[in-house]
Amino acid sequence: MHLSTRPILRRVALAGAALLAATAAMPQAAAATDDRAAVGGGKLSAVIRYTENGIPHILARDYAQLGFGTGWAQAADEVCVLADGFVTVAGERSRWFGADAAPDFSLSSATKNLSSDLYFKGVRESGTVEKLLATPAPAGPTEDLKELMRGWAAGYNAWLAQNKVTDPACKGAGWVHPVTTADVAARGFAVSVLGGQGRGVDGITSAQPPGTPGAAGTPGAAAASAATDPAAAAEAARAFFDTARYDMGSNAVAFAGSTTANGRGLLLGNPHYPWQGGRRFWQFQQTIPGELNVSGASLLGTAVVNIGFNDKVAWSHTVATGTPVNLHQLALDPADPTAYLVDGKPERMTRRTVTVPVAGGAPVTRTQWWTRYGPVVSDLGAGLPLPWTAQTAYALNDPNAANLRGSDTALAMGRARSVAGIQDALKRTQGLPWVNTVAADSAGGTLFTQTQVLPRITDELAARCSTPLGRATYPASGLAVLDGSRGDCAIGSDPDAVQPGVFGPGRAPTLQGAPYAENSNDSAWLANADRPLTGYERIWGTVATPRSLRTRGAVEDVSAMAAKGRLTVADLQKQQFANRVPAGDLAAADAAQACAALPGGTATASDGSAVDVSAACGVLAGWDRTTDSASRGALLFDRFWRRLTASTPAKDLWLVPFSAADPVRTPRTLNRAAPGIGRALADAVAELKAAGIALDAPLGEHQFVVRSGRRLPVGGGTEALGVWNKIEAPWNAAAGGYPEVAHGSSHIQAVGWDGSRCPVARTLLTYSQSSNPGSPYYADQTRLYSEERWVTARYCERDILTSPKLKVVPVRERR
């Protein structure tokens, strides 16, 4: 049966490809007429060719049709996750799920549905998204992108109309319903402000003038200290914008032709994103014959490939250290706390009154307050209160609230033919809100650039206009707090910026043509340790400061690879699963010796009990310094190291302090006399014994996921260990250790070129293509990830059409 149907499927696919290619080749005037017909009510359609692991290759004749196929295919795999996100951006979570329940945190940092709804409903009712859609390019989205979003909405709706939802997460739910282009754009807006207004949602929706019923009361002692003590404020701001604490991160490295076996470039991208919820990646290929042919992955609800490759260039992104917002401290009118002074003249704040329906209760109405600088905000996290008094309030400036260009950047990168084309795409569209870009091309070029949308805060402006709070927070975190009462403290504009108040791309830290270019979420400084980047403003990130263990380990690894030379895609694959633990290389041997030196082999735990840790000494000494799933001792070191670093400052932990002259190798040499070592060992040993876990148990027996009733061991390690293959999992001793991954390695791609028209690419979507447990693509790639196996990408037509799993699905509207 299978053998007899494959030729038919191939003929269907080839016929579809030929038809679409012929359509694409139509004279421009005829194509324009057809587009107008589509806008006027013509039915949208596309051809979806599925290959191994349920990866769709979407073939269409224009951007609206391409969006249609993309929306259809995403809905088929992830309808419940997508529908949940549309409830979020509509401001209706309280209506369906209750006001006090927590959202999944994928589209903002709101702690409850009510604050999420108040913010997003305010965005929608103010017409923010519609105004951005109507803004002409380049400041606004291009017509191609608008057509893609229109098509995506139609494709999602067509799938809903023509299929039954089987995923138990939303089967029969009233909150699954059709969407509009504005809904798709609103989701893009939420992603754009994720690092700015999205992180301040609770503070935006709770900010009320003094004396207002329900206004925030007196802050607690710690918060009050941060409000008045510069050191506490600096630490709170540093922690709030610390990329190591985010649930998103990434590694990416590009290798130049001078380091590879064939003189062509190589790229390894390893984003670290949540394994559940609305920030999952989804894998696919988009093709408009003669116009676009790109493969990779998008964040759910996005109509474009966000990270990926074509036949000439590949790119990935890493979360950047640029601080995407700033504050303006307002001097209030003594007669009215909802008016503020600029050069002595009062300006009234704008009231944004929002009413949110609530399940099982009365609607909730709240007022938000907006200024020329942005919304008034009552805090940035619990540690940094921004109290609204009779004299002072704080407004949050987020330039990405005027940026709906992120998908245009991705689309332009998908059409690029070189790293120079990638850089040109970034310069023209300027849409990336909170990420760096690392790219390589088939000619052997490399690129690292931090071209992101940041408020134009120069060091000179911060020095001249910072308030006392800003003088503490800006050096520590890049968070500027400017004097909003002075007109001469307004943020200026760069001539090459497409949007007022932001840096132009010419100011972005950029490294071109280096033998390797790497980033692991630290600043741009050591993108290449031999060619450090300096001279940028503090808001972009730091220079000559300690790097994370993950950055240090990554730079050690990739610089050694570049020096070795003759690299291939196989070398990228080995790096991804090397699972080397930089913390172990630095400290395991010394920790084992400190353990062996404890009198009587005992140490005192945090609860004061004496614990026999003698068996741990040999386990640590014999550990292979990896987090492979078979590694014995990795779990013990992990539990010990977390405790030690949480309780022991770096100055007491290492004998050799950090040196900017040797940033990759310092700090180093564990202080065996540090009092925390014995305590951390005792706590770790007691914990594992209480859970019935052997000290030398293989890591994979206790770091795993369960899919379809099958336990799958997972290698990799946490941020604290510095492992490239990052895995963050909540500890649950009763469930066996680390029984589920929260976030970490996600859409991995290893890409090169061999001189043919087809790139050499290996990929992995660690959590698989679908969240639906009934889907055959719910756990297939997770099993591959567990076994450290890869998917061979099918990019060229001949590869797609010869797939033994080929399934051709023509899709179209029925209306």
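Here goes a summary of the coordinates provided.

**Thoughts on the overall build of the chain**
Step number 1: Secondary structure assignment for the chain yields 24 helices and 32 strands.
Step number 2: Whereas a compact globule of 815 residues would reach a radius of gyration of roughly 28 Å, the chain reaches 27 Å, a difference of no more than 12%.
Step number 3: With the principal axes as the frame, the chain shows a C-alpha extent of 85 × 75 × 55 Å.
Step number 4: Taking the intrachain contacts of the chain between residues at least 6 apart in sequence as the baseline, contacts between residues at least 24 apart amount to 68%.
Step number 5: Total accessible area on the chain is roughly 29,100 Å²; 55% of this is exposed by carbon and sulfur atoms.
Step number 6: For the chain, the centre of its 76 positive side-chain charges and the centre of its 70 negative side-chain charges are spaced 5 Å apart.

**A word on helix α13 (residues 419–429)**
Step number 1: Among the residues of α13, Val419, Gly421, Ile422, Gln423, Ala425, Leu426 and Thr429 are the ones counted as buried.
Step number 2: Elements that come into contact with the buried residues of α13 comprise β8 (313–319), α12 (406–414), β16 (435–441), β17 (446–449) and β19 (510–512).
Step number 3: If you check the start of α13, you find a side-chain oxygen 3.3 Å away from the backbone N of Ala420, and it comes from Ser418.
Step number 4: Downstream of α13 by a residue or two, Gln430 has a phi angle that is positive, lying close to 50°.

**Considerations on the environment of Thr259**
Step number 1: If you trace the backbone, Thr259 turns up in the loop between β3 (249–255) and β4 (266–274).
Step number 2: You can call Thr259 buried: its relative accessible area is 2%.
Step number 3: Here the alpha-carbon distance between Thr259 and Tyr516, two residues 257 residues apart in the chain, equals 8.2 Å.
Step number 4: Residues within four places of Thr259 in sequence aside, it is in contact with Pro515, Ala562, Gly565, Arg566 and Leu567.
Step number 5: Reaching out from Thr259, the side chain makes a polar contact with the backbone oxygen of Ala256 at a distance of 2.9 Å.

**Some thoughts on empty space enclosed by the protein**
Step number 1: With the rule as written, the count across this model stands at nine cavities of 30 Å³ or more.
Step number 2: In this model, the largest cavity occupies a volume close to 530 Å³.
Step number 3: Lining of the largest cavity is provided by 35 residues; of these, Val191, Leu299, Thr302, Asn306 and Gly406 occupy positions nearest its centre.
Step number 4: Taken together, the residues that form the lining of the largest cavity break down as 19 nonpolar, 13 polar and three charged.
Step number 5: Of the voids in this model, the second largest cavity is the one considered here, and its volume is about 120 Å³.

**A look at the layout of surface pockets**
Step number 1: Here the largest pocket defines a volume of roughly 1,300 Å³.
Step number 2: Taken together, 38 residues make up the lining of the largest pocket; nearest its centre are Arg238, Asp242, Ala244, Pro546 and Ser548.
Step number 3: Put simply, the parts of the chain that give the lining of the largest pocket at least two residues each are α15 (468–477), α16 (549–564), α20 (634–647) and α21 (650–653).
Step number 4: Broken down by element, the residue count for the lining of the largest pocket peaks at four residues, all from α20.
Step number 5: A class-by-class count of the residues in the lining of the largest pocket yields 14 nonpolar, 13 polar and eleven charged.
Step number 6: Here the second largest pocket defines a volume of roughly 610 Å³.
Step number 7: Together, 26 residues line the second largest pocket, and Arg372, Asn397, Asp398, Ala401 and Ala402 are the ones closest to its centre.
Step number 8: For the lining of the second largest pocket, the element with the most residues is helix α6 (residues 128–134), which contributes three residues.
Step number 9: A breakdown of the residues in the lining of the second largest pocket according to their chemical character gives 13 nonpolar, nine polar and four charged.

**Some words on the state of the cysteines**
Step number 1: For the structure on display, the rule yields four disulfides.
Step number 2: The disulfide that involves Cys465 links it to Cys489, with 2.1 Å between the sulfurs. Here the disulfide of Cys465 and Cys489 is left-handed, its torsion about the S-S bond being about -85°. Note that Cys465 is positioned in helix α14 (residues 459–465) and Cys489 in the loop between β18 (481–483) and β19, a separation of 24 residues in sequence. Both residues of the pair, Cys465 and Cys489, belong to the buried class.

**Details of the packing of aromatic side chains**
Step number 1: One pass over the structure, following the stated rule, counts 23 aromatic pairs.
Step number 2: When the centroid spacing of 6.3 Å and the interplanar angle of 45° are considered together, the rings of Tyr340 and Tyr373 count as tilted. Linking Tyr340 in strand β10 (residues 336–342) with Tyr373 in the loop between β13 (364–371) and β14 (374–375), this pair joins segments that are 33 residues apart in sequence. For the pair formed by Tyr340 and Tyr373, the shared burial category is buried.
Step number 3: Pairwise contacts between aromatic rings join Trp275, Phe577, Tyr767, Tyr785 and Trp790 into one cluster.
Step number 4: The aromatic ring of Trp370 is capped on one face by Arg352, whose charged end is 3.8 Å from the ring centroid.

**Some words on the packing of helix α18 (residues 582–596) against α20**
Step number 1: One way to put it is that α18 packs onto α20 with a least axis distance of 12 Å and a crossing angle of 90°. Taken together, α18 and α20 sit at an angle that is classed as roughly perpendicular. Between α18 and α20, the residues in contact are Ala583, Gly584, Ala587, Ala588 and Ala591 and Phe637, Phe640 and Trp641, respectively.
Step number 2: A class-by-class count of the residues in the contact of α18 with α20 yields seven nonpolar, one polar and no charged.

**Re the pattern of salt bridges**
Step number 1: Evaluation of the coordinates by the stated rule reveals 44 salt bridges.
Step number 2: The salt bridge partner of Arg507 is Asp494, with a shortest N-O separation of 3.7 Å. Remark: Asp494 occurs in the loop between β18 and β19 and Arg507 occurs in the loop between β18 and β19; sequence separation between them is 13 residues.
Step number 3: Judged by its relative accessible area of 32%, Arg507 is partly exposed.
Step number 4: A salt bridge links Asp557 to Arg580, with the nearest nitrogen and oxygen atoms 3.0 Å apart. Taken together, the residues span a long stretch of sequence, with Asp557 in helix α16 and Arg580 in the loop between α17 (569–576) and α18 at a distance of 23 residues.
Step number 5: Classification of Asp557 by relative accessible area gives buried; the value is 17%.
Step number 6: What you see here is one network of salt bridges that share partners, running through Glu235, Arg238, Asp242 and Arg245.

**Things to note about the sheet that holds strand β7 (residues 307–309)**
Step number 1: Read from one edge to the other, the open sheet built from ten strands follows the order β19-β17-β16-β8-β7-β6-β5-β2-β1-β32, with strand pairing classed as mixed. Strands at the two margins of the open sheet, each flanked by one partner only, are β19 and β32 (807–812). Sheet twist, expressed as the mean angle between neighbouring strand axes with direction ignored, is 20°.
Step number 2: In this structure, strand β1 (residues 45–51) lies alongside strand β2 (residues 55–59), joined through five bridges in antiparallel fashion. When the bridges of β2 are listed, Tyr50 appears paired with Pro56.
Step number 3: Across the sheet, α13 lies against β8, β16, β17 and β19, angled at about 155° from β16, the strand it touches most.

The rules behind the values
- Residues numbered from 1 in each chain as written.
- Predicted model: local features only at pLDDT ≥ 70, side-chain atom pairs only at ≥ 80, totals over all residues.
- Heavy atoms only, no water.
- Helix = DSSP H or I, 4+ residues; strand = E, 2+ residues; numbered from the N terminus.
- Rg over C-alpha atoms; globule rule 2.2 N^0.38 Å.
- Contact = heavy atoms within 4.5 Å.
- Areas by Shrake-Rupley, 256 points an atom, 1.4 Å probe, with all protein chains shown as cover.
- Lys, Arg positive; Asp, Glu negative; His and termini not counted.
- Charge placed at Lys NZ, Arg CZ, Asp CG, Glu CD.
- Buried < 20%, exposed > 50% of the residue type's maximum accessible area, 1.4 Å probe, protein only.
- Polar contact = N/O pair within 3.5 Å; in protein donor to acceptor, adjacent residues only side chain to side chain.
- 1 Å grid on protein atoms, 1.4 Å probe; cavity = no way out; pocket = protein on both sides within 12 Å on 5 of 7 lines; lining within 4 Å.
- Points joined across faces, edges and corners; volume = space filled by probe spheres on them.
- Nonpolar A, V, L, I, M, F, W, Y, C, P; charged D, E, K, R; others polar.
- Disulfide = S-S within 2.5 Å.
- Phe/Tyr/Trp six-rings, centres within 6.5 Å; stacked < 30°, edge-to-face > 60°.
- Lys NZ or Arg CZ within 6 Å of the ring centre and 35° of its normal.
- Axes fitted to C-alpha atoms, helices over the stretch in contact; angles between N-to-C directions.
- Parallel < 35°, antiparallel > 145°, perpendicular 65-115°, else oblique.
- Salt bridge = Lys/Arg side-chain N within 4 Å of Asp/Glu carboxyl O.
- Pairing = 2+ DSSP bridges.

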